[in-house]
Amino acid sequence: MDKEQEKQEAVEQKTRRAIASTEKVAQAAKDATEPEQLIYIGPNLPGGRLAKSLIVRDGFPAYLEDVAEKAPEIRQLFVPVAELATSKAALSVPGSALQIAYAAVIAAVKGGI
C-alpha cells in the first residue's frame, strides 16, 4: 500500500469514528428528551378516574396523588410499555410484587378510595 492509500484509509477511519460518535451523541440526546411511556396494568378505578391500559408520559400522573396516598402500591402498576408482556405475566404469579400491588389496589377500591 502506498502512502497516498494509507492517508486515504486513515481519513476514512477517522470519518467513520466521527460519524459513529455523532450518532451515539444524537441517540443519547434523543433518549434524554423522550419521556418514558408507562402503561397502567391495574384495575379500573371508580368514577372513570383511571382505566386499565392507560398510557402516560413523564411518570406517575399527578392527579392520582390522593389515590397513591391511600394505596401507594398503585405506582408499581405503571410499568414501561416495553415491559408490558413480562409485567402482565408477573400479575398472574401468586406472591409476585405486581400481583400483591394489584390485590392492594383492589382492596383499596373496595375500601372506598
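Residues numbered from 1 in each chain as written. Predicted model: local features only at pLDDT ≥ 70, side-chain atom pairs only at ≥ 80, totals over all residues. Heavy atoms only, no water.

Section: the side chain of S96
At step 1: When you line up the elements, S96 lands in the loop between α3 (84-91) and α4 (97-110).
At step 2: Judged by its relative accessible area of 13%, S96 is buried.
At step 3: Beyond its immediate sequence surroundings of up to four residues, S96 is in contact with A90 and L91. (Helix = DSSP H or I, 4+ residues; strand = E, 2+ residues; numbered from the N terminus. Buried < 20%, exposed > 50% of the residue type's maximum accessible area, 1.4 Å probe, protein only. Contact = heavy atoms within 4.5 Å.)

A short note on unusual backbone geometry
At step 1: Backbone geometry at S53 places phi at a positive 75°, although glycine is not the residue there.
At step 2: With respect to the helices and strands, S53 occurs in the loop between β1 (37-40) and β2 (55-57).
At step 3: One non-glycine residue with positive phi stands out, namely D58, at about 65°.
At step 4: Looking at D58, the relative accessible area reads 65%, which means it is exposed.

Overview of the side chain of S87
At step 1: Structurally, S87 can be placed in helix α3.
At step 2: Under the relative-accessibility criterion, S87 is labelled buried at 7%.
At step 3: With residues up to four places along the chain from it excluded, the contact list for S87 reads I41, V79 and L98.

As for the environment of A82
At step 1: Its location among the elements puts A82 in the loop between β3 (78-80) and α3.
At step 2: For A82, a relative accessible area of 80% gives the class exposed.

Considering the nonpolar core
Nonpolar side chains in soluble globular proteins generally cluster together in the buried interior.
At step 1: By size, the foremost hydrophobic cluster in this structure holds 19 residues, and its most contacted members are Y40, L45, I74, L77 and F78.
At step 2: Of all elements in the fold, only β1, α2 (65-70), β3 and α4 reach the threshold of two or more residues within this core. (Core = buried A, V, L, I, M, F, W, Y, C linked by side-chain atoms within 4.5 Å.)

Focus: the environment of R57
At step 1: Within the secondary structure, R57 sits in strand β2.
At step 2: Considered as a pair, R57 and S21 are 36 residues apart in the sequence and their alpha carbons are 29 Å apart.
At step 3: If we skip the residues at most four places from it in the chain, R57 touches P35, E36 and Q37.

Describing a negative patch on the surface
At step 1: A cluster of acidic side chains, namely D2, E4, E6, E9 and E12, defines a negative patch on the protein surface.
At step 2: The topology assignment puts E4 in helix α1 (residues 3-33).
At step 3: Judged by relative accessible area, which is 55%, E4 ranks as exposed. (Patch = residues over 30% accessible without salt bridge, like charges linked within 9 Å, V, L, I, M, F, W, Y side chains within 5 Å. Areas by Shrake-Rupley, 256 points an atom, 1.4 Å probe, with all protein chains shown as cover. Salt bridge = Lys/Arg side-chain N within 4 Å of Asp/Glu carboxyl O. Lys, Arg positive; Asp, Glu negative; His and termini not counted. Charge placed at Lys NZ, Arg CZ, Asp CG, Glu CD.)

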